[in-house]
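# Examination of the molecular architecture
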Amino acid sequence: MTQLTDTTRTETMRIEGMNCASCVSHVEEALGEVQGVSKASVNLATERATVDYLPDKISLADLEAAVRKAGYKALAITDGAAGARGEQDARRRELIEMRRRLTVAATLTVPLLLLEMVPMLLPPVREWLTGVIATQTLWYLFFALATAVQFGPGWRFYRAGWAALRRGSPDMNTLVMIGTSAAYGYSVVATFMPSLLPAGAVHVYYEAAAVIVTLILVGKYMEAVAKGRTSQAIRKLFSLQAKTANVIRNGRETEVPIDEVRSGDVIRVRPGEKVPVDGRVVEGTSYVDESMITGEPVPVEKAAGAEVVGGTINTTGSFAFEATRVGAETVLAQIIRTVEQAQASKPQIQALADKVVAVFVPVVLVLAAITFGVWYFVGPEPALTSALVAAVSVLIIACPCAMGLATPTSIMVGTGKAAEMGVLFRKGDALQTLQEVEVVALDKTGTLTEGRPRLTDLSVGEAFDEFDVLKLAAAVEDHSEHPIARAIVDAAQSRQLHLPPVRDFEAVAGYGVRAAADGREVAVGADRFMERLGIDLRAHAVEAAKLAREGKTPFYVAVDDTVAAVMAVSDPIKPSSVATVRALHDLGLRVAMITGDNRKTAEAIARELGIEQVLAEVLPHEKAEAVARLQQDGHKVAFVGDGINDAPALAQSDVGLAIGSGTDIAIEAADVVLMSGDLNGITNAIALSKATLDNIKQNLFWAFVYNAALIPVAAGVLYPVFELQLSPMLAAGAMSLSSIFVLANGLRLRGFAASALQKSHLNTASLGTPDLRTPRRSA
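Values in this document were obtained by computation on a predicted structure and should not be read as measured data.

About the cut-offs
Residues numbered from 1 in each chain as written. Predicted model: local features only at pLDDT ≥ 70, side-chain atom pairs only at ≥ 80, totals over all residues. Heavy atoms only, no water. Helix = DSSP H or I, 4+ residues; strand = E, 2+ residues; numbered from the N terminus. Buried < 20%, exposed > 50% of the residue type's maximum accessible area, 1.4 Å probe, protein only. Contact = heavy atoms within 4.5 Å. Areas by Shrake-Rupley, 256 points an atom, 1.4 Å probe, with all protein chains shown as cover. Lys, Arg positive; Asp, Glu negative; His and termini not counted. Salt bridge = Lys/Arg side-chain N within 4 Å of Asp/Glu carboxyl O. Phe/Tyr/Trp six-rings, centres within 6.5 Å; stacked < 30°, edge-to-face > 60°. Pairing = 2+ DSSP bridges. Axes fitted to C-alpha atoms, helices over the stretch in contact; angles between N-to-C directions. Parallel < 35°, antiparallel > 145°, perpendicular 65-115°, else oblique. Nonpolar A, V, L, I, M, F, W, Y, C, P; charged D, E, K, R; others polar. UniProt positions renumbered as here; feature names shortened; annotations may be inferred. Core = buried A, V, L, I, M, F, W, Y, C linked by side-chain atoms within 4.5 Å. Domains from an automatic or database assignment. Expected span 1.5 Å × (residues − 1). Bend = angle between axes of the 7 residues up to and from the residue. Left-handed = near helix turned anticlockwise from the far one by under 90°.

The helix and strand inventory of the chain stands at 29 helices and 28 strands. Buried residues in the chain amount to 54% of all 779 residues. The long-range share in the chain, meaning contacts at least 24 apart out of those at least 6 apart in sequence, stands at 69%. As presented, the chain carries roughly 33100 Å² of accessible surface, and 56% of it is formed by carbon and sulfur atoms.

Now the structure itself:
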């Protein structure tokens, strides 16, 4: 998967052979040392590496070679469904191979364990067995079984562990290799060269070596199965893509594979079918379920000119549409790519684990050596045997697998669950930062309000005609794309007024517009625009103030430098806005509104919504400065907006949330995208952010506490008081269980649900069965 910028290329590769957090740091280090690489980030849970590099200095082959030299395998990832299927097939083959190795290891280990442990626990069985088979003969059998495990299924630890040791960066495989080799090698000496060992120290530990290998393979297999579940959201998204499309070419309708659809093709969609790609309706009407994109369960009416999104489901009628975006350009493909990028990213909290892991394995090797020395010189007899058991237990129990999985597992599941709920985290860092936010600043038009204002008041001066003023104002505003402009034009068209031609049109951002129409100079805009033009407003100030107190937006029409009329528009507040503001307050957050509207209007709307802080009369280029003012007190600020002029503020804020129904520029500048226009997505995003960070902290706590508590136990700290020494087999089981615990805890996020308040507005199962309730019309 490749992404180009002006000077760098970003490549995503799948890395095979990683087992623990140490592997992650080794691959990152190997990639980072390649000249031309500016940044390398590796994720254990997704088994992916994301590399930023200069393509004119190095190639993808150079990156793959660096990974191979580090002892791992790199595979380029192809964009789209084909690439995803290839990756899934590779994972499936790997899981099958892992299951085969585990089956072989278990088949060989179980009889070995039974023959060693049952006689130890049951004296009558021991007496019977020694009477039937000589001890030395039994040891030969143990040797054969253990050797088959050690250098069959267990060879993977030697291959990876020795490579890591040779390059001076030991990892989990190194610990397992040294630990099992110590137990196995000691047993071999006891079996074939017992005279080399001190008296009383001739014992075999074949079952320990074999059981350690088998238990670790059990843990790795269960990890692989669990990791497959963490990417379930991505698989669901891919499953939404249609496989074929009914394309109309040369007057004939032909079913073609989705990969063969081209931009400009006209496609027919029948009831119950998926919309194959993005496009614009050219014929027919229907209602389309867009819940997989927006999280809203109510189907949307689609008629000629309406936009449709690939992966959505046509419910009732039949229509034809022209394909505008296909392949990797579709909204669904972009969503999948964004979720994958967020899952592969590392939040700041991961830095602590990375720093610990960087020195963890070498420290463990030193601790194991110290443990061996202490037991050998001051431990009970047989000292050599006790020292071996303690050192092997330390090596095995200290594998840092859980630490490597703690953060990426939660990020994977959390971002995937968010996508199901219509909340798209574009950056993994936003998951951490969002739950630290103290102030939520919201744009007014299009965010808190519907963004479709209507003209409510028109009061003209004595020397002017109402229809003439409306006609002139609409003629000038017809050249503007501002929502207020559309309200004026719509009002004129509803009265069937003929708009005269316009010349010398000029738009002043944040102020208004002016032009010549029907031989007269016309200006339409806010009071600050009129003052800028030197037009006296004192005679109309009372009326404008009254309109503002009613929550309407007053503005003026000037004809030939004289105020001709005071107009007002009203933009309906979204039904979800009041509940969302209340929910944000319940979360302990401060809510602010940033708007270019005049202060009285803004304060009236703020009172209705319960917003305590208003930054009004803010010009478009000043929105980022307004966010900066909120940040001056040291508060982390989240800004929510939808328009082009919101992009700087979205970038300035600590976390930018863009309304998904807004512009592409706003979405590109945001950290989080609310795919629906429903503001309840804000509280869903914050709640999920808090749940994910809590989950990460739980995982890291468990991983660190596990190692901090059990390494001393393995070393024998309990022996002086309780005469208890941890078995290497129990150490292997505990190590595997710690990783499985972390994965299982991360998977709990799949059960995250919106609060009761949020559920009333949002269908959280947005990737589930379509909900065919009362349809709504497309905006």
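The discussion continues.
We now examine the side chain of Glu64. Inspection of the secondary structure assignment puts Glu64 in helix α2 (residues 60-69). Buried charge without a salt bridge: Glu64, with Arg68 as the nearest opposite-charge side chain at an N-O distance of 4.6 Å. Excluding its chain neighbours within four sequence positions, the residues that come into contact with Glu64 are Met13, Ala74 and Ala76.

Right, let's get into the packing of aromatic side chains. This model, assessed by the stated rule, comprises 15 aromatic pairs. Ring geometry for Tyr140 and Phe192: centres 5.7 Å apart, planes at 25°, overall stacked. A residue pair is termed long-range when its members are at least 10 positions apart, and Tyr140 in helix α5 (residues 135-150) and Phe192 in helix α7 (residues 172-192) qualify at 52 residues. Residue Tyr140 is classed as partly exposed on the basis of its relative accessible area, which comes to 39%. Between Phe143 and Tyr184, the aromatic rings sit 6.3 Å apart at their centres with planes inclined by 20°, giving stacked as the arrangement. Here Phe143, found in helix α5, pairs with Tyr184, found in helix α7; they are 41 residues apart in sequence, far enough to count as distant. Every member of this aromatic cluster is reached through a ring pair, and the members are Tyr140, Phe143, Phe151, Trp155, Tyr158, Tyr184, Phe192 and Tyr206.

Ordered by their spatial adjacency, 7 strands build an open sheet running β15-β27-β26-β25-β16-β23-β24, and the pairing between neighbours is mixed. At either margin of the open sheet sits one strand with a lone partner, and together these are β15 (423-425) and β24 (613-615). Across the sheet, the mean angle from the axis of one strand to that of its neighbour is 20°, orientation sign disregarded. Sheet analysis places strand β16 (residues 439-443) next to strand β23 (residues 590-594), joined by 5 bridges and oriented parallel.

Here the focus is the packing of helix α26 (residues 680-715) against helix α28 (residues 728-747). For the pair α26 and α28, interaxial distance at closest approach is 9 Å and the crossing angle is 170°. It follows that α26 is roughly antiparallel to α28 by the angle criterion. Here Asn695, Gln698, Asn699, Trp702, Tyr706 and Leu710 of α26 lie close against α28, whose contacting residues are Ala731, Ala734, Met735, Ser738, Phe741, Val742, Asn745 and Gly746. By residue class, the composition of the contact of α26 with α28 is 8 nonpolar, 6 polar and no charged.

The residue Ala734 is located in helix α28 in this model. On the basis of relative accessible area, Ala734 is assigned to the partly exposed category, the value being 22%. Along the primary structure Ala734 and Leu710 are separated by 24 residues, whereas in three dimensions their C-alpha atoms are 8.9 Å apart. Excluding residues that lie within four positions of it along the chain, Ala734 makes contacts with Ile397, Tyr706 and Leu710.

Bringing the environment of Asn707 into the picture now. Mapped onto the elements, Asn707 comes out in helix α26. With relative accessibility at 5%, the residue Asn707 sits in the buried group. When the C-alpha positions of Asn707 and Val394 are compared, they lie 9.8 Å apart, and in sequence the two are 313 residues distant. Aside from chain neighbours lying at most four places away, what touches Asn707 is Phe360, Ile397, Ala398, Cys399, Met403 and Pro712.

Our next topic: the UniProt feature "transmembrane region" (unreviewed entry) in the chain. Here the UniProt feature "transmembrane region" (unreviewed entry) sits at residues 102-122, 128-151, 172-192, 204-222, 356-378, 384-407, 700-722 and 728-747. The distance separating the terminal C-alpha atoms of residues 700-722 is 30 Å; by composition the span is 87% helix and 0% strand. For the annotated span residues 728-747, helix accounts for 100% and strand for 0% of the residues, and the straight-line distance between the end C-alpha atoms is 29 Å.

Now for the nonpolar core. Note on soluble globular proteins: their nonpolar side chains tend to be buried together. Within the largest apolar cluster, 128 residues are counted, with the highest numbers of intra-cluster contacts made by Ile15, Met18, Leu31, Phe425, Leu434 and Leu657. Viewed by domain, this core spans two of them, domain 1 (9-77) and domain 3 (422-449 + 573-686), each represented by three or more residues. Leu472, Ala474, Val476 and Val522 belong to the second-largest nonpolar core, a separate cluster that totals 25 residues.

Along its 20 residues, helix α14 (residues 401-420) runs 29 Å from first to last C-alpha, staying within 8% of the 28 Å computed at 1.5 Å per residue. Along its length, α14 shows its largest kink, about 25°, at Thr407, and proline Pro408 lies within four residues downstream of that point. Here α14 lies mainly inside the structure; 20 of its 20 residues are buried.

With that settled, the discussion passes to the packing of helix α20 (residues 541-549) against helix α22 (residues 599-609). Any two packed helices are characterised by the angle at which their axes cross and by the distance between the axes. The N-to-C vectors of α20 and α22 enclose an angle of 20°; their axes lie 7 Å apart at closest approach. With respect to α22, the axis of α20 lies roughly parallel. Relative to α22, α20 is oriented so that their crossing is right-handed. Mapping the contact onto sequence places Ala545, Ala548 and Arg549 in α20 and Lys600, Thr601, Ala604 and Arg607 in α22. Among the residues forming the contact of α20 with α22, the class breakdown is 3 nonpolar, 1 polar and 3 charged.

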